[in-house]
Amino acid sequence: PRRLKADRESSPAKEAFLFAKLIVKFRLDPIMSAVRPKQRKRAKAKRTYRQSAVIPLLDGKVVMVTSRRRQRWIVPKGLLEPGMTPAESAANEAHEEAGLTGKVRPGSVGHYTYRKWGRNFRVEVFVLDVKSMSETWDEMHFRDRKLFSLSNAAARVHEPELRRMLERLKGA
């Protein structure tokens with residue numbers, strides 16, 4: 001059926017009426033603004049979460065830990081801690097995840113991005129010269145820790161950009 005021009009025109013009162021009708025029909029919570037769920041989902045996906053990581057070096061070898069869920073070999077990383085620089089946050093993650101202490105080299109060696117849980121993450125990577133490895137650490141019951149050569153570590157990581165960073169360190 002053909003609509004009249006007046007029916008196609010929108011007014012604030014008409015929009016409010018239609019919105020109220022949607023709430024009643026679908027039992028929606030008006031606070032959740034469920035009118036455009038796809039747009040909300042896209043907005044969340046566009047947001048990039050910042051993380052920092054370290055490549056911990058001890059006597060020319062890389063100290064790697066297993067991921068908590070899949071048990072893949074990774075370098076310590078995590079979300080940026082409030083009030084910390086990315087380098088400080090990365091060193092803190094190395095301490096929590098692998099029981100490592102040391103000095104972070106100035107400047108990052110690069111960054112990589114990945115998607116997880118439908119969200120984007122950008123990881124800034126630093127090098128940590130390890131001074132000591134604790135026998136016990138915060139996440140020791142969830143993760144294994146092992147030393148790898150730079151080439152072996154590069155072969156084990158899944159992120160191509162991180163692999164290239166490890167290969168560049170091998171040449172340095």
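Note that the structure is predicted; figures quoted are calculated from it, not measured. (Residues numbered from 1 in each chain as written. Predicted model: local features only at pLDDT ≥ 70, side-chain atom pairs only at ≥ 80, totals over all residues. Heavy atoms only, no water.)

Q: Lay out the overall build of the chain in plain terms, naming residues and giving numbers.
A: Counting its regular elements, the chain contains six helices and eight strands. With 172 residues in all, the chain has 31% of them scored as buried. For the chain, the share of sequence-separated contacts (at least 6 apart) that also reach a separation of at least 24 residues comes to 65%. Carbon and sulfur atoms provide 54% of the accessible area of the chain, an area that totals close to 11700 Å². (Helix = DSSP H or I, 4+ residues; strand = E, 2+ residues; numbered from the N terminus. Buried < 20%, exposed > 50% of the residue type's maximum accessible area, 1.4 Å probe, protein only. Contact = heavy atoms within 4.5 Å. Areas by Shrake-Rupley, 256 points an atom, 1.4 Å probe, with all protein chains shown as cover.)

Q: Explain the confidence of the model for the chain to me, and be specific about the residues and the numbers.
A: Confidence along the chain averages 82 in pLDDT terms, with 73% of residues attaining 70 or more. Across the chain, the secondary-structure element scoring lowest on mean pLDDT is helix H1 (residues 5-8), at 50, and the one scoring highest is strand S5 (residues 100-104), at 96. Counted against residues more than four places away or in other chains, residues 30-35, with its pLDDT under 50, gives seven contacts. (pLDDT = per-residue confidence, 0-100.)

Q: Quick one: what's the story with the nonpolar core, residue by residue and with numbers?
A: Where a protein is soluble and globular, its nonpolar side chains tend to be buried together. In this structure, Ile55, Val62, Met64, Tyr112, Val125, Leu162 and Leu166 are the most contacted members of the largest nonpolar core, which totals 22 residues. Mapped by element, the contributors of at least two residues to this core are strand S1 (48-58), strand S2 (61-66), strand S6 (110-116), strand S7 (119-133), helix H5 (150-156) and helix H6 (160-171). With near-sequence residues (within four places) excluded, Met64 lies in contact with Trp73, Ile74, Val75, Asp144, Arg145, Lys146, Phe148, Ala153 and Val157. If you look at the next biggest cluster of nonpolar residues, it comprises 13 residues, including Ile74, Ala94, Val104 and Leu128. (Core = buried A, V, L, I, M, F, W, Y, C linked by side-chain atoms within 4.5 Å.)

Q: Talk me through the packing of aromatic side chains; I want residue IDs and the actual numbers.
A: The tally for this structure, following the rule as stated, stands at four aromatic pairs. A centroid spacing of 5.1 Å and a plane angle of 70° characterise the contact between Trp73 and Phe148, whose relative ring orientation is edge-to-face. With a gap of 75 residues between them, Trp73 in strand S3 (residues 73-74) and Phe148 in strand S8 (residues 145-148) connect regions that are remote in the sequence. Trp73 gets classed as buried once you look at its relative accessible area, which sits at 18%. Arranged with centres 5.1 Å apart and planes meeting at 10°, the rings of Tyr114 and Phe121 form a pair that is stacked. The class for Phe121 is buried, based on a relative accessible area of 6%. (Phe/Tyr/Trp six-rings, centres within 6.5 Å; stacked < 30°, edge-to-face > 60°.)

Q: Can you tell me about the pattern of salt bridges, naming the residues and giving the values?
A: Scanning the entire structure with this criterion turns up four salt bridges. Among the salt bridges present, the one from Glu97 reaches Arg143, with a minimum N-O distance of 3.6 Å. Of the two residues, Glu97 is situated in helix H4 (residues 86-98) and Arg143 in the loop between S7 and S8; the sequence distance between them amounts to 46 residues. Among the residues examined, Arg143 registers a relative accessible area of 8% and is labelled buried. Residues joined in a network through salt bridges with shared partners are Arg68, Glu97, Glu139 and Arg143. (Salt bridge = Lys/Arg side-chain N within 4 Å of Asp/Glu carboxyl O.)

Q: Got a sec to walk through the layout of surface pockets? Specific residues and values, please.
A: Its boundaries defined by the atoms lining it, the largest pocket holds a volume of some 710 Å³. In terms of lining, the largest pocket is formed by 24 residues, of which the most central are Ser67, Arg72, Lys77, Tyr114 and Lys116. Counting residues per element, the ones that place at least two in the lining of the largest pocket are strand S4 (77-79), H4 and S6. Among the residues making up the lining of the largest pocket, the classes are represented as nine nonpolar, three polar and 12 charged. (1 Å grid on protein atoms, 1.4 Å probe; cavity = no way out; pocket = protein on both sides within 12 Å on 5 of 7 lines; lining within 4 Å. Points joined across faces, edges and corners; volume = space filled by probe spheres on them. Nonpolar A, V, L, I, M, F, W, Y, C, P; charged D, E, K, R; others polar.)

Q: Can you tell me about the pairing of S6, naming the residues and giving the values?
A: The two faces of a sheet get side chains in turn, since along a regular strand they alternate between them. By the bridge criterion, seven bridges tie S6 to S7 in an arrangement that is antiparallel. Note on S7: the bridge partner recorded for His111 is Glu124. Between the antiparallel neighbours S6 and S7 lie two residues, among them Trp117 with a positive phi of about 55°. (Pairing = 2+ DSSP bridges.)

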